[in-house]
Amino acid sequence: MAFTCAAGKHRRPSRMKRTTARAAGVAALATTGVLGAVAAPALAADNSVEQTGLMPVVTVGDSLADQLGAQAEAQAQAAAQKKAAAEAKRKAEARAKEIREAKERAAREAERKRLNAFVAPISGSYISTGYKTGGSLWSSGSHTGVDFHAASGTSVHAVGRGTVVETGWGGSYGNQIVIRMADGTYTQYGHLSSIGVSVGQSVTPGQQIGLSGATGNTTGPHLHFEARTSPEYGSDIDPVSYLRSHGVNV
């Protein structure tokens, strides 16, 4: 007896079964535009869209899927590198800012220390006549300051930060300068051959204010230096102790 097949023909299994694993990834790439101009011709030439009744499924060859995967991976790596570069730049800028601010703080601190420092009125000199030395040379009967050894024309410096309150002829002191210091005391510089500052001028430690000489009541060139509690004669205090209390080795 002859047997016949059931009604209808045998059908080839749907290609959807062969491409399901790749279709989802490719569809996602298609929605973001990753397929681009390169993928489109290949799809048009070698593949077709099968209607499942629910959604279209794109079938893609293995080589094209590999290409698209590599492209997506390259884009991800590029994005990661860009992010890493931006983070490195941010850290470098933050570090540069920290270094700059540290240098600025150090400079401000150094300037603060400089302005609050004291120096000797004559560099590399020594005291030739001490405080309260007695004798007929002084109208008060004793020396009201100290004398620093200095040839005529030697640079005379402000011992600290302050404001000039008096300049000019000072009788037995000859040409003199009186400075009100930042701590409220006063310093006087006498027998000058030249005056280089004016009343009201601010001075800083070590700034040249004049030149030593032998003007006024003196037996030779030197610098007469006094420390005072006021700008007036007779308010003198021990200038050596004064300078040493401010860190000057005399």
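This is a predicted model, so every value here is computed, not measured.

Secondary structure assignment for the chain yields four helices and 12 strands. Per-residue burial over the chain gives 28% buried out of 250 residues. For the chain, the accessible surface area stands at approximately 15,200 Å², while carbon and sulfur atoms represent 56% of it.

Here we come to the pairing of strand β11 (residues 222-228). Across the seven residues of β11, seven count as buried, placing the element largely inside the fold. Burial of the side chains of β11 extends over both faces: H222, H224, E226 and R228 are buried on one face and L223, F225 and A227 on the other. Note: strand β4 (residues 146-149) against β11, four bridges, orientation antiparallel. When the bridges of β11 are listed, V146 appears paired with F225. Pairing between strand β8 (residues 186-195) and β11: five bridges, direction antiparallel. Its bridge partner lying in β11, Q188 is registered against E226.

Bridge analysis of strand β3 (residues 127-129) against β4 gives two bridges, and the strand direction is antiparallel. Within β4, the residue paired with I127 across the bridge is F148.

Let us now look at the nonpolar core. Formed by 24 residues in total, the largest nonpolar core has its most connected members in I177, I179, Y189 and I209. Looking at this core, the elements with two or more residues in it are β4, β7 (175-181), β8, β11 and α4 (239-245). What I177 contacts, discounting residues up to four positions off in sequence, is V164, E166, T167, T187, Q188, Y189, L192, I195, V197 and I209.

Right, let's talk about the pattern of salt bridges for a bit. Counted under the stated rule, the structure contains six salt bridges. The residue R90 makes a salt bridge to E87 at a minimum N-O spacing of 2.7 Å. Within this pair, R90 and its partner E87 are both found in helix α3 (residues 62-116), separated by three residues, close to a single helical turn. Of the charged contacts in the structure, one is a salt bridge between E98 and R95, with a shortest N-O distance of 3.3 Å. With a gap of three residues between them, E98 and R95 both fall in helix α3, about one helical turn apart.

A full pass over the atoms with the stated rule returns four aromatic pairs. Ring geometry for F148 versus F225: centroids 6.3 Å apart, planes at 75°, classification edge-to-face. Residue F148 is located in strand β4, and its partner F225 is located in strand β11; the two are separated by 77 residues in the primary sequence. Grouping aromatic residues by their ring pairs yields a cluster made of F148, Y189 and F225.

Considering the arrangement of structural elements, one finds H157 in strand β5 (residues 155-157). Judged by its relative accessible area of 13%, H157 falls in the buried class.

So, about the confidence of the model for the chain. Looking at the chain as a whole, its pLDDT mean stands at 82, while 74% of the residues score no less than 70. In this model residues 1-11 is a low-confidence stretch, pLDDT under 50, and it forms zero contacts with partners more than four residues away in sequence or in other chains. Note on residues 13-50: pLDDT is under 50 here. Beyond four places in sequence and across chains, it has 44 contacts.

Criteria and cut-off values
- Residues numbered from 1 in each chain as written.
- Predicted model: local features only at pLDDT ≥ 70, side-chain atom pairs only at ≥ 80, totals over all residues.
- Heavy atoms only, no water.
- Helix = DSSP H or I, 4+ residues; strand = E, 2+ residues; numbered from the N terminus.
- Buried < 20%, exposed > 50% of the residue type's maximum accessible area, 1.4 Å probe, protein only.
- Areas by Shrake-Rupley, 256 points an atom, 1.4 Å probe, with all protein chains shown as cover.
- Pairing = 2+ DSSP bridges.
- Core = buried A, V, L, I, M, F, W, Y, C linked by side-chain atoms within 4.5 Å.
- Contact = heavy atoms within 4.5 Å.
- Salt bridge = Lys/Arg side-chain N within 4 Å of Asp/Glu carboxyl O.
- Phe/Tyr/Trp six-rings, centres within 6.5 Å; stacked < 30°, edge-to-face > 60°.
- pLDDT = per-residue confidence, 0-100.

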